[in-house]
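Inside the fold
Each chain, written out:
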Amino acid sequence: MKSYEKAGIQIREACGSRPPEACIILGSGLSSFADSIENAQQIPYAKIEGFEAVGVEGHSGQLVLGDLHGRSIACLQGRWHAYEGHNISDLANPIRSLRSAGCDLLLSTCAAGSLNESIPPGNLMMLTDHINWTGLSPLIGVNDDQMGPRFTDMSQAYDIDLQGHLRAAAAETGLKLHEGVYLWCLGPSFETPAEIRAFKILGADAVGMSTVPETIAARHCGMKVAAVAAITNYAAGLQANLSHEQTLTVGNETAPQLAKLISGFFKRWGRLSSE
Ligand code: HPA
């Protein structure tokens, strides 16, 4: 049995009679959302088959299982980054584990730097598409046919209906939700001003070091994906200095808005699927 199948069984068993339907990934400085999960049960990553430790400050490293507006959800409080030196194909593992457990929806969150002057720090940006600048993919290697096809269609990386629900949830909760294209850089160094000028020409609105590998893994195994970035800074060259401290501080300040949006999204989702 593959390690993600073992983890899937473990997660499903921990959920009792209601396997998780959706998973949420919480990015840097955004962990506090997990506090709003009802009947929460925490499982440290170290106790889950195939889940490696996470090594970045601001990322907790546990799976939180519980309910949100009557839906059973699994929340990854902390994520793995390629720059930590993980084998790139291992980044698919948690997503496949949650898929095996029953999730068919992924709501991803992250911190990002803005390239767009109309999207200032402290705002939320829904991802409408992405650019993979790293040349890496969690699907590199022998294809796992059990999970999905060799060649994955990425024409709708971020599901158009879920985008509509996020937009509607933002309107219902009175939140400003910007939209744009996210560009994945490997990191861990921040970008140079020249890179940011180039990325702007390529059509990026925000830049970050995460999200895209999980989106690719999730699309490969047929999950629908939605993603929201908390804009924590202007990208290199558009503001004086960049630091992870700023990412965490502004991420923490933006987290309540994000929690409101996620909650509104699941409230809507629960309502629509029970109609
Ligand atoms: N660049 C890359 N990753 C980031 C940034 C940034 O400016 N801000 C938060 N995560």
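This report concerns the structure included in the present document.

Analysis parameters
- Residues numbered from 1 in each chain as written.
- Predicted model: local features only at pLDDT ≥ 70, side-chain atom pairs only at ≥ 80, totals over all residues.
- Heavy atoms only, no water.
- Near = heavy atom within 4 Å.
- Polar contact = N/O pair within 3.5 Å; in protein donor to acceptor, adjacent residues only side chain to side chain.
- Areas by Shrake-Rupley, 256 points an atom, 1.4 Å probe, with all protein chains shown as cover.
- Helix = DSSP H or I, 4+ residues; strand = E, 2+ residues; numbered from the N terminus.
- Nonpolar A, V, L, I, M, F, W, Y, C, P; charged D, E, K, R; others polar.
- Pairing = 2+ DSSP bridges.

**Re the site of the ligand**
The full set of residues close to the ligand is A111, A112, G113, F190, E191, V207, G208, M209, T232, N233, L242 and T247. Within the side chain of E191, one N or O atom sits 2.8 Å away from a nitrogen atom of the ligand. The fraction of the free accessible surface of the ligand (260 Å²) that becomes covered by protein chains is 96%. Broken down by element, the residue count for the shell around the ligand peaks at three residues, all from strand β5 (residues 105–114). Across the shell around the ligand, the residue classes tally to six nonpolar, five polar and one charged.

**Quick notes on the pairing of strand β6 (residues 124–132)**
As paired elements, β6 and strand β7 (residues 177–184) share eight bridges and run parallel to each other. The partner of M125 across the bridge, within β7, is H178. In the sheet, β6 pairs with strand β9 (residues 224–234) via three bridges, with the strands oriented antiparallel. Residue pairing across strands places M126 opposite V228, the latter belonging to β9.

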